[in-house]
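Results of the structural survey
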Amino acid sequence: MKQLYSVMQQALARGENVVLVRIVASSGSVPRGVGACMAVFEDGSTLGTIGGGAVEKIAAEHAMGVHQKKESACKGFCLAPNQVADIGMICGGDVTVYYQFFGAGDQKVHDYLLAMLQALSGGKNCWRITRLEGETVTGEGLYDAENGLRFLEDLPVSQLQPMLTSKSVYVQGTPAYSVEPICRAGFVYIFGGGHVGRELVPVLSRVGFRVCVYDDRESFAKPENYPQAEKVIFGSFLNIREKIEITKDDYVVIMTPGHLADREVLLQALRTDAAYIGCIGSKKKVAKTNEYLLANGIPEAALSRVHAPIGIEIFGETPAEIAISVAAEMICHRAILSGADHH
């Protein structure tokens, strides 16, 4: 999402208008849910996706009409089975799509985009709130604890607070509100920037995780080795608290150069409230590590917090394949924490 808004900002700076196509409400089975975005530029090119297929094609065409009128608009799509012949979809749900017109010379647009990019880079929990009255979007704002509610000041914070959850919500009423988290607090700390760690960084970054690589080898702990990582730290595996503080929002991925370092980092990680802890290695190594953890005061019940061997079994062997399996497990874990519907 950060890349999308950065490219939009660049187009506006060149004097080009942009239409942001965004799903603000959905029900039933749909390709993408609330928050899916696609920017449509004046030349018809696009960036991002709202689910592909016929809906996206029709939405992109409609966005060109919004470019001509220079006015934002909403449009609903019914994807029910009896609509299959009309738009070629069989999902069985409904989506409301907001076509938001961004004019190149509008100062309010500039301020909003700047605030959005700051929110996406800030590493704090932040939500986008869209107010709908009938089929019209009548306001949009951003909320985080530090700055409060911006651009939509007439919504009482007391009314907003119950809507601020870890997943997108749609609150019916007059007006109705669509609320979506756009940035989550916390880092993925990858302990060990070797072959798998280096492959894992771009994958996690691509799917919305903020990545920090931590290594005790100075030649490895260099930002140029991991261009997609937000932070790279050179420090001892024996005392990670000298350099970082792991919180309940953070993920821990342990893949150091050796078994002894792995277990030392794991021992420290289990004494935190980390949202996720995973450790690379064989089942034999896991059993030996568990013996060490128990001998050093970790309760047996706490061992279940550890995803080890890390990753979903896809029978891959290369560093890139292992990185995919690890990322898949972390995406699944994040979805479970957010309360996503898995049925």
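Residues numbered from 1 in each chain as written. Predicted model: local features only at pLDDT ≥ 70, side-chain atom pairs only at ≥ 80, totals over all residues. Heavy atoms only, no water.

1. Topic: the pattern of salt bridges
- Enumeration over the complete set of coordinates arrives at 14 salt bridges.
- Across the salt bridge formed by R22 and E140, the nearest N and O atoms sit 2.1 Å from each other. Taken as a pair, R22 in strand β1 (residues 18-27) and E140 in strand β7 (residues 136-144) lie far apart in primary sequence, 118 residues in all.
- Given the relative accessible area of 9%, E140 is considered buried.
- Across the pair R150 and D144 runs a salt bridge, and its minimum N-O distance is 3.3 Å. (Salt bridge = Lys/Arg side-chain N within 4 Å of Asp/Glu carboxyl O. Helix = DSSP H or I, 4+ residues; strand = E, 2+ residues; numbered from the N terminus. Buried < 20%, exposed > 50% of the residue type's maximum accessible area, 1.4 Å probe, protein only.)

2. Focus: helix α2 (residues 53-69)
- Relative to the 24 Å expected for 17 residues at 1.5 Å per residue, α2 spans 25 Å between its end C-alpha atoms, a close match to the ideal helical length.
- Where α2 is concerned, the buried positions are V55, E56, A59, A60, A63, V66 and H67. Projected down its long axis, α2 shows its buried positions confined to an angular sector of 130°, all on one face. Away from its buried face, by an angle of more than 90 degrees, α2 presents the exposed residues K57, Q68 and K69. (Expected span 1.5 Å × (residues − 1). Arc of directions from axis to C-beta.)

3. Let's talk about the sheet that holds β7
- Read across the sheet, five strands follow the order β8-β7-β6-β10-β9 without closing on themselves; strand pairing throughout is antiparallel. Every interior strand has two partners, whereas the edge strands, β8 (148-150) and β9 (169-171), have only one. On average, adjacent strands in this sheet sit at an angle of 25° to one another, irrespective of strand direction.
- Where β9 meets strand β10 (residues 176-183), three bridges bridge the pair, whose relative direction is antiparallel. When the sheet's bridge partners are listed, V171 is paired in β10 with Y177.
- Against the sheet, helix α4 (residues 107-121) touches β6 (126-133), β7, β8 and β10, its axis set at about 50° to β10. (Pairing = 2+ DSSP bridges. Axes fitted to C-alpha atoms, helices over the stretch in contact; angles between N-to-C directions. Contact = heavy atoms within 4.5 Å.)

4. Considering the confidence of the model for the protein
- Across the protein, the average pLDDT comes to 88, with 92% of residues at or above 70.
- Contacts from residues 82-91, a stretch scored under 50 in pLDDT, to residues over four places away or in other chains number 18 contacts. (pLDDT = per-residue confidence, 0-100.)

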